Amino acid sequence: MDFEYKQRTAQERKKVEDLFDYEGCKVGRGTYGSVYKAKNKDRLSTIISDGKEYALKQIEGTGISMSACREIALLRELKHPNVISLQKVFLSHQDRKVWLLFDYAEHDLWHIIKFHRSAKATKKAVNVPKNMVKNLLYQILDGIHYLHANWVLHRDLKPANILVMGEGCERGRVKIADMGFARLFNAPLKPLADLDPVVVTFWYRAPELLLGARHYTKAIDIWAIGCIFAELLTSEPIFHCRQEDIKTSNPYHHDQLDRIFNVMGFPLEKDWEDIRKMPEHGTLMKDFKRSSYGNCNLTKYMEKHKIKPDGKAFHLLQKLLTMDPTKRITSEQAMSDPYFLEDPKPANDVFEGMPIPYPKREFLTDDEEDKGASGAASKQQTNNGSSNHGQQPPAKRARVMPPTSSTASSMVTTEYQHMHNVQGQGGSQQMAYNSGSLTQTSSTATSAYQRF
Ligand code: AMP
C-alpha cells in the first residue's frame with residue numbers, strides 16, 4: 001500500500017473514543033470482552049451521527065483473535081429483525097483493540113426472568129405474563145430459524161443472550177445476541193468439542209452434547225430454546241445444576257445429566273434408539289440406574305409449577321425438549337405449532353404496549369466486576385424508579401486459546417479456512433476483499449488487521 005495514502009487515511013480515520021461517549025458506562029462483560037452503552041458525540045460525523053444509543057463491545061486482548069474474526073465474519077452478513085445488528089467495526093491503531101458497534105438493547109431475558117423470580121420470592125408478583133412468553137418464544141424461533149436457514153448455528157443460547165429492545169421504534173423486539181460461538185456449518189466439520197471445551201452453559205446444554213456428541217446441530221439450539229421456554233413459564237431454570245467443572249474439556253457431566261433425568265426421566269431405548277451410539281453411553285450405563293428416575297417426567301415437573309399438561313404451551317415444550325435430537329422439532333415446525341395459531345397471536349412488541357416494569361441496565365464499575373458484579377451498581381438508571389435489581393449473569397465462561405498478537409494472524413487464517421473450507425492464502429485474501437465495509441482506525445496494521 002502506498003505510504004502517502006496510508007498516512008492520509010490514518011489522519012482521516014476517527015477513533016472510537018472521538019466518536020462515542022461511553023466512559024463509565026460499562027453494562028456487561030461477556031466471553032470476549034466488555035460491553036459499554038455508547039452515545040454518538042460527533043453529530044457532524046459522516047460515520048454515525050444520529051444520537052441513538054449503541055452497545056460498544058471491546059474485544060479483550062490485542063489484534064483480531066480467532067473468536068472476534070468469527071463473530072465479525074458472521075455478523076456483518078446477518079440481517080434479521082430478531083438478530084442483533086452489527087453496525088460497525090473499529091480497529092484502534094494505538095492499542096490494537098477491536099471494537100464492535102451494535103444496536104443497544106435495554107433488556108435481556110436473564111434480567112427479565114430474575115425480576116420475576118425476585119418478585120415471586122416476595123410473593124408480590126407473578127411469572128412472566130403468558131402472552132409475553134408467547135411473543136418472546138415466537139421471536140426467538142424466528143431469529144433462530146433465520147440463522148439455521150443460513151447455515152449458522154448459535155451454539156450458546158441462554159437467557160443472557162436473548163436481548164429485548166427498550167423504548168423506541170423497535171420497542172419490545174427480541175434480538176438474539178452473542179454470536180461469538182456461532183459458526184457456519186455447511187463446511188465439513190472438525191470435531192467442535194475439540195475447539196471449545198465450554199461452549200454452552202451447562203444448564204442449556206442438550207443431552208447429546210453431555211453424552212459426547214462430536215458435532216453441533218440445529219437440534220442443540222432447539223433444546224436450549226426449550227430450556228428458555230420452560231424458564232419463561234416458571235421463572236426457574238429447568239435444568240439448574242451446580243457448576244463446578246466449568247473449565248473441564250470433558251463433555252460428560254454427571255450432575256447435569258442427573259438433573260435432566262430428574263426432570264425428564266431416564267430415556268427409554270425405544271424413545272432414543274441411537275443413545276447407545278453416543279461416545280459416553282458406556283459411562284452413562286455405569287453411572288446411572290434407570291430405576292432411580294422411575295417417577296420422573298416433564299408433566300410432573302410442570303404441574304409442580306402450575307403449568308397445565310393439557311395446554312398448548314406444554315405440548316410445544318415437550319416437542320422442544322425431546323431427548324432424541326433426531327425427533328426434536330425444528331424452528332420452522334415450532335413456529336407453526338398450534339400454540340402460536342390459537343389467540344392471542346404473537347405480537348411484535350413483546351410488552352404489547354404496556355409500561356415496561358423492568359429496570360434499565362446498570363453501569364458496572366471494575367470493582368464490581370472483580371467481585372462478580374454482586375455489589376451495588378455505581379450508577380442506576382431506572383425505567384420505573386425501582387431499586388438495584390441485582391447481579392449480572394453468572395459463570396462467565398472460560399476462554400480457550402487466548403490469542404496473542406503474534407498468533408492472531410495465523411489463527412485468523414486457520415479459522416477462516418475452517419469456516420469456509422478453503423485452503424491456503426487464497427482464503428484469507430478473499431476475506432480481505434469482502435470486508436470493505438469495516439472501518440479501520442489503524443495505519444500500521446499487522447497482516448491480520450490488513451484483512452479488514
Ligand atoms: P456478550 O459479550 O454479548 O455476552 O455481552 C455481555 C453482556 O453485555 C450481556 O449479557 C448484556 O448484559 C450486555 N450486552 C451485550 N450486547 C448488548 C447490546 N447490544 N445492548 C445492550 N447490552 C448488551
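Residues numbered from 1 in each chain as written. Predicted model: local features only at pLDDT ≥ 70, side-chain atom pairs only at ≥ 80, totals over all residues. Heavy atoms only, no water.

### Observations concerning the pairing of strand β3 (residues 33-40)
The element β3 is extensively covered by neighbouring structure, given that seven of its eight residues are classed as buried. Summarising the sheet, strand β2 (residues 26-30) and β3 pair through four bridges and their orientation is antiparallel. Looking at the pairing, Gly28 lines up with Val35 of β3. Sheet topology places β3 next to strand β4 (residues 53-59); seven bridges connect them, and they run antiparallel. Among the inter-strand pairings, Tyr36 is bridged to a residue of β4, identified as Leu56. (Buried < 20%, exposed > 50% of the residue type's maximum accessible area, 1.4 Å probe, protein only. Helix = DSSP H or I, 4+ residues; strand = E, 2+ residues; numbered from the N terminus. Pairing = 2+ DSSP bridges.)

### Concerning the packing of aromatic side chains
Inspection of the entire model under this criterion finds 17 aromatic pairs. Ring geometry for Tyr36 against Trp99: centres 6.0 Å apart, planes inclined by 45 degrees, an arrangement best described as tilted. With a gap of 63 residues between them, Tyr36 in strand β3 and Trp99 in strand β6 (residues 97-103) connect regions that are remote in the sequence. Taken individually, Tyr36 and Trp99 each receive the classification buried, so the pair is uniform in this respect. (Phe/Tyr/Trp six-rings, centres within 6.5 Å; stacked < 30°, edge-to-face > 60°.)

### What to know about the confidence of the model for the chain
Any region with low pLDDT has predicted coordinates that should not be read closely. Chain-level pLDDT for the chain is 77 on average; 70% of the residues reach the 70-or-more range. Across residues 192-200, where pLDDT falls below 50, the model places 38 contacts with residues more than four positions away in sequence or in other chains. (pLDDT = per-residue confidence, 0-100. Contact = heavy atoms within 4.5 Å.)

### Observations concerning helix α5 (residues 130-149)
Over its 20 residues, α5 runs 28 Å from end to end, which matches the ideal 28 Å to within 8%, given 1.5 Å per residue. The element α5 is largely enclosed, with a buried count of 14 among its 20 residues. (Expected span 1.5 Å × (residues − 1).)

### Re the site of the ligand
The environment of the ligand is made up of 16 residues, and the closest members are Lys57, Asp103, Ala105, Asp178 and Arg361. The contact in question runs from an oxygen atom of the ligand to an N or O atom on the side chain of Lys57, over 3.1 Å. One of the backbone nitrogen or oxygen atoms of Ala105 is found 2.9 Å away from a nitrogen atom of the ligand. Bound to the protein, the ligand loses 96% of the 480 Å² it would expose on its own. Top element by residues in the shell around the ligand is β2. It accounts for three residues. Among the residues making up the shell around the ligand, the classes are represented as eight nonpolar, two polar and six charged. (Near = heavy atom within 4 Å. Polar contact = N/O pair within 3.5 Å; in protein donor to acceptor, adjacent residues only side chain to side chain. Areas by Shrake-Rupley, 256 points an atom, 1.4 Å probe, with all protein chains shown as cover. Nonpolar A, V, L, I, M, F, W, Y, C, P; charged D, E, K, R; others polar.)

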